[in-house]
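# Observations on chain architecture
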Amino acid sequence: MEIDSNPITKPSKKGTILSAVFYALAAVLLITAFVSLVACHQNISRQLEQGVPVQGNELAIVNLYLTS
């Protein structure tokens, strides 16, 4: 008796498509997270280049990174 012939152990087409959709969504969200992190880093770097003081603003800078 083959295990694949059992409908319980055989993945359905609907489940395979759903898994593929979730993998694609996870990839899109991961790419979006990296793009957001790069944009946040560039924004903070530009502000620091313009002379925004770091001393006293460490918590605000860390908060910007964490929320992006």
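Structural data are supplied above this passage.
Notes on the structure in this doc start here.

Criteria and cut-off values
- Residues numbered from 1 in each chain as written.
- Predicted model: local features only at pLDDT ≥ 70, side-chain atom pairs only at ≥ 80, totals over all residues.
- Heavy atoms only, no water.
- Helix = DSSP H or I, 4+ residues; strand = E, 2+ residues; numbered from the N terminus.
- Buried < 20%, exposed > 50% of the residue type's maximum accessible area, 1.4 Å probe, protein only.
- Areas by Shrake-Rupley, 256 points an atom, 1.4 Å probe, with all protein chains shown as cover.
- Expected span 1.5 Å × (residues − 1).
- Axes fitted to C-alpha atoms, helices over the stretch in contact; angles between N-to-C directions.
- Parallel < 35°, antiparallel > 145°, perpendicular 65-115°, else oblique.
- Left-handed = near helix turned anticlockwise from the far one by under 90°.
- Contact = heavy atoms within 4.5 Å.
- Nonpolar A, V, L, I, M, F, W, Y, C, P; charged D, E, K, R; others polar.

## A short note on the overall build of the protein chain
Counting secondary structure elements, the protein chain contains two helices and zero strands. Burial status across the protein chain gives 4% buried among its 68 residues. Of the roughly 6200 Å² that the protein chain leaves accessible, carbon and sulfur atoms contribute 68%.

## Comments concerning helix α1 (residues 13-49)
Taking 1.5 Å per residue as the helical rise, α1 with its 37 residues ought to reach 54 Å, and the 54 Å between its terminal C-alpha atoms agrees with that figure. Phi turns positive one or two residues past the end of α1, at G51, with a value near 105°.

## Remarks on the packing of α1 against helix α2 (residues 58-67)
Interaxial distance between α1 and α2 falls to 9 Å at its minimum, and their mutual angle equals 160°. Considering their axes alone, α1 and α2 lie roughly antiparallel with respect to each other. In this structure, α1 meets α2 at a crossing whose hand is right-handed. Residues L37, C40, H41, I44 and L48 of α1 lie in contact with α2, whose contacting residues are I61, L64 and Y65. Considering only residue class, the contact of α1 with α2 consists of seven nonpolar, one polar and no charged.

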